[in-house]
Amino acid sequence: NRPFLVTADKTRVTVLGTRFAVRYTPEQQGRDQVQVAVEEGQVRVSTTPSRLTQWLPLPYITPSGTDMTAGQQLTALADGDPGAIRKLDVESIAPWRTHQLSFVNMPLAQAIDELNRYTDTGLVIHDPRVAELRISGTFDPRHMETMKRILPQALPVHLEKKGHMMEITSAPEK
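Structure report, in brief. (Residues numbered from 1 in each chain as written. Predicted model: local features only at pLDDT ≥ 70, side-chain atom pairs only at ≥ 80, totals over all residues. Heavy atoms only, no water.)

### Considering helix α3 (residues 144–154)
Moving on, step 1. Those residues of α3 that sit buried are Met 144, Met 147, Lys 148 and Leu 151. All buried residues of α3 fall inside an arc of 100 degrees around its axis, so they share one side. Opposite the packed face of α3, turned more than 90 degrees from it, sit the exposed residues Glu 145, Arg 149 and Gln 153. (Buried < 20%, exposed > 50% of the residue type's maximum accessible area, 1.4 Å probe, protein only. Helix = DSSP H or I, 4+ residues; strand = E, 2+ residues; numbered from the N terminus. Arc of directions from axis to C-beta.)

This is the structure:
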């Protein structure tokens, strides 16, 4: 009679007995959409009700939407409507539980922003060209020293100590 509801921006997720993840990080460049992934069970994704109907008892409003089951993911559209469902490896849902964050061809600035959600990386980027460099890999945010050591080997960058921070800059020409 009283379902568990998650509202993120204009998207509503109704829990139908499940383990799932809802991601909404509008403060991160390129991550301003609502993503829903189902690890087990089922959820229904729909548009958030209007202000006129949001306080009506649930029997009077049964939100239509898209039902999702384990191993499925979608990214909601800007108006809150569910987007297309994609298959997803359930092991990749909520990777923070195993301290593993994976990036595939992601802009470096976006990867650093994501890592900063879990730890203070101490890394900053001021050069837009460096920010757009692409990175792929799996990283443990608890071991940022490893990331700092590997980064200049994986990308044409250099880390410069600036007070208590390290700035990621373009590697000097050889």
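### Some remarks on the pattern of salt bridges
Moving on, step 1. Enumeration according to the criterion identifies nine salt bridges in this entry.
Moving on, step 2. A salt bridge links Glu 114 to Arg 23, with the nearest nitrogen and oxygen atoms 2.2 Å apart. In this pair, Glu 114 is assigned in helix α1 (residues 108–116) and Arg 23 in strand β2 (residues 11–23), connecting sequence segments 91 residues apart.
Moving on, step 3. The shortest N-O distance in the salt bridge between Arg 129 and Asp 127 comes to 3.1 Å.
Moving on, step 4. Note on Asp 127: relative accessible area 19%, which makes it buried.
Moving on, step 5. Here the residues in one salt-bridge network are Arg 23, Glu 114 and Arg 117, joined through shared partners. (Salt bridge = Lys/Arg side-chain N within 4 Å of Asp/Glu carboxyl O.)

### A few points about the sheet that holds strand β10 (residues 157–162)
Moving on, step 1. A sheet is described by the order of its strands in space; here three strands give the open sequence β8-β11-β10, paired in mixed fashion. Looking at which strands have only one partner, the edges of the open sheet turn out to be β8 (123–124) and β10.
Moving on, step 2. As defined by bridge partners, β8 adjoins strand β11 (residues 165–170) across two bridges and the pair is classed as parallel. Within β11, the residue paired with Leu 123 across the bridge is Met 166.
Moving on, step 3. Where α3 meets the sheet, its contacts fall on β8, β10 and β11, and the angle it forms with β10 comes to roughly 130 degrees. (Pairing = 2+ DSSP bridges. Contact = heavy atoms within 4.5 Å. Axes fitted to C-alpha atoms, helices over the stretch in contact; angles between N-to-C directions.)

### A closer look at the nonpolar core
Moving on, step 1. Among the nonpolar cores identified, the biggest contains 18 residues, and Leu 108, Leu 115, Ile 135, Met 147, Leu 151 and Ile 168 are the most heavily contacted of them.
Moving on, step 2. Elements with a minimum of two residues in this core: β7 (101–107), α1, β9 (134–139), α3 and β10.
Moving on, step 3. The dominant element in this core, judged by the number of residues it contributes, is α1, at four residues.
Moving on, step 4. Among the nonpolar cores identified, the runner-up in size contains eleven residues, and Val 6, Val 38, Met 68 and Ala 76 belong to it. (Core = buried A, V, L, I, M, F, W, Y, C linked by side-chain atoms within 4.5 Å.)

Read these as spatial facts, not as claims about activity.
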